[in-house]
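Okay, here's what each chain looks like letter by letter:
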Amino acid sequence: MRIISGKYGRRRFDVPTHIKARPTTDFARENLFNVLQNLLDFEGMKALDLFAGTGAISFELASRGCRRVVAVENYPVQYNFIRKVQQQLNDPNLTPIKGDVFKFVQSCRQQFDLIFADPPYDLPRLETLPQEVLSRGLLKPGGIFVLEHSKNNDFSTHPLFDQHRSYGSVNFSLFRTPI
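These lines cover the structure that appears in this document, whether it is placed above or below. Within each chain, residues carry numbers counting from 1 in the order of the written sequence. Reporting in this predicted model follows two pLDDT cut-offs: at least 70 for local features of residues, and 80 or more for side-chain atom pairs to be given and counted; totals over whole chains, interfaces and linings ignore these cut-offs and use all residues. Values shown for side chains rest on all heavy atoms present in the structure; no hydrogens or waters enter the calculation.

## Regarding the pairing of strand S4 (residues 112-117)
Looking down a regular strand, the side chains alternate between one sheet face and the other.
Line of reasoning, step 1. Relative accessibility decides the category of a residue: with a 1.4 Å probe and only protein chains considered, values under 20% of the type maximum give buried, values over 50% give exposed, and everything between is partly exposed. The way it works is that DSSP assigns letters per residue, a run of H or I at least four long becomes a helix, a run of E at least two long becomes a strand, and they are numbered from the N terminus. In terms of burial, S4 is a largely internal element, 6 of the 6 residues being buried.
Line of reasoning, step 2. Two strands qualify as a pair provided that DSSP identifies no fewer than 2 bridges between them. Here strand S1 (residues 46-50) runs beside S4; their pairing, made up of 4 bridges, is parallel. The residue bridging Ala 47 from the neighbouring strand is Leu 114, located in S4.
Line of reasoning, step 3. Seen with its strands pointing away from the viewer, a crossover is right-handed when the path leading from the first strand over the helix to the second is clockwise. For the handedness criterion, the β-α-β arrangement of S4, helix H5 (residues 129-134) and strand S5 (residues 139-149) is classed as right-handed.

## Examining the nonpolar core
Line of reasoning, step 1. In this description, a nonpolar core means a group of buried Ala, Val, Leu, Ile, Met, Phe, Trp, Tyr and Cys residues linked to one another through side-chain atoms lying within 4.5 Å. Grouped together as the largest cluster of nonpolar side chains are 35 residues, with contacts concentrated most on Leu 36, Phe 42, Phe 59, Leu 61, Leu 114, Val 146 and Phe 172.
Line of reasoning, step 2. Those elements that place two or more of their residues in this core are helix H1 (26-39), helix H2 (56-63), strand S2 (68-73), helix H3 (76-89), S4, S5 and strand S7 (170-176).
Line of reasoning, step 3. Discounting residues that sit within four places of it in the chain, Phe 59 has contacts with Met 1, Ile 3, Tyr 8, Thr 54, Ile 82, Val 85, Gln 86, Leu 89 and Leu 94.
Line of reasoning, step 4. Phe 51, Val 70, Val 101 and Phe 175 belong to the second largest nonpolar core, which has 24 residues in total. Should any heavy atoms of two residues lie within 4.5 Å, those residues are considered in contact.

## As for the environment of Leu 114
Line of reasoning, step 1. Position of Leu 114 among the secondary structure elements: in strand S4.
Line of reasoning, step 2. Owing to a relative accessible area of 2%, Leu 114 belongs among the buried residues under this scheme.
Line of reasoning, step 3. For the pair formed by Leu 114 and Thr 54, sequence separation is 60 residues and the distance between their alpha carbons is 18 Å.

## Describing unusual backbone geometry
Line of reasoning, step 1. At Arg 10, a residue that is not glycine, the phi angle is positive and equals roughly 75°.
Line of reasoning, step 2. Structurally, Arg 10 is set in the segment before H1.
Line of reasoning, step 3. Arg 10 sits in the exposed class, given a relative accessible area of 68%.
Line of reasoning, step 4. Positive phi values are uncommon outside glycine, yet Asn 90 reaches one of about 55°.
Line of reasoning, step 5. Look at Asn 90 and you get exposed, because its relative accessible area is 66%.

## With respect to the packing of aromatic side chains
Line of reasoning, step 1. Ring pairs are drawn from Phe, Tyr and Trp, using the six-membered ring of Trp, whenever the two centres fall within 6.5 Å, and their geometry is named by plane angle: stacked under 30 degrees, edge-to-face over 60, tilted for the rest. Applying the stated rule across the entire model yields 8 aromatic pairs.
Line of reasoning, step 2. Between Phe 51 and Phe 102 the ring centres are 6.1 Å apart and the planes differ by 75°, which places this aromatic pair in the edge-to-face class. Of this pair, Phe 51 sits in the loop between S1 and H2 while Phe 102 sits in helix H4 (residues 101-107), placing them 51 residues apart in sequence.
Line of reasoning, step 3. Since its relative accessible area comes to 14%, Phe 51 is described here as buried.

## A short note on H3
Line of reasoning, step 1. For a helix, the expected span equals 1.5 Å multiplied by the number of residues minus one. In this model, H3 (14 residues) spans 20 Å end to end at C-alpha, consistent with the 20 Å of a helix rising 1.5 Å per residue.
Line of reasoning, step 2. Buried residues belonging to H3 abut H2, S2 and strand S3 (94-98).
Line of reasoning, step 3. At the exit of H3 stands Asn 90, carrying a positive phi of roughly 55°.

## Some thoughts on the state of the cysteines
Line of reasoning, step 1. Criterion for a disulfide: a pair of cysteine sulfur atoms within 2.5 Å. Using the criterion set out here, one finds 0 disulfides in the structure.
Line of reasoning, step 2. Not engaged in a disulfide, the cysteine Cys 108 finds its nearest cysteine sulfur in Cys 66; these two sulfurs lie 15 Å apart.
Line of reasoning, step 3. The class of Cys 108 is buried, set by a relative accessible area of 7%.

## A look at the pairing of S7
Line of reasoning, step 1. With 6 of its 7 residues buried, S7 lies for the most part within the structure.
Line of reasoning, step 2. The pairing of S5 with S7 spans 6 bridges and is classified as antiparallel. Across the sheet, the residue bridging to Phe 145 is Phe 175, located in S7.
Line of reasoning, step 3. The sheet contact formed by strand S6 (residues 161-167) and S7 spans 6 bridges and is antiparallel. Its bridge partner being in S7, Gln 163 is matched across the sheet by Leu 174.
Line of reasoning, step 4. Where S6 hands over to S7, the hairpin turn is made up of 2 residues, of which Gly 168 adopts a positive phi near 65°.

Written as C-alpha cells, this is what we have:
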C-alpha cells in the first residue's frame, strides 16, 4: 500500500497477505483525491472512513492535513494493520475503531466534513447505505459522502446525489449535503 501525497507521500507499507479487503487501487484513489481536492480543503477537516479495510483512504486523508480521521473496520486483521501503520506514522489525528459500521453509524454523535465508505460490493445493505449514513446527521452542511461501489449500482436518483466517477472497475458516487 502506498500513500500518494501529503506529509506521508510516497511511503509504502506491506499489507498482510490474508487480509479480507479489496483495497481501492492507487489509480482510482489518486483520481478520487484529485476530484475531492477541488471540492474540499483537507487542511483541518474532520473525516470518517467506513469499512476502512487497509486504511489507505484514512492514511491519505491524514497525510493531506485532516485534523481528525476516524477509521472504522470490523475485521481484526485489517483493524490491526491500520493500528500498526498509525503507530508507525505516530499520527495522533488518526483514530482506528474496531467495530461494526452500522452500529457505529447509529451511535455516532460527531459530524464530519467528509465521509468515505468502501463496503464489500456484495454487501446486502449496500443500496440503503447512502440513506443510512446521510439520515443520521453525520455530515456537516456542505459535506461530502463518497461511496465506492461496483458498476451494478446506480445512486443517481438519491436526492443528495452530486456526481458519479468511474475509474476502471471502481465506481464512486458522491453525495453532498446542502449548505
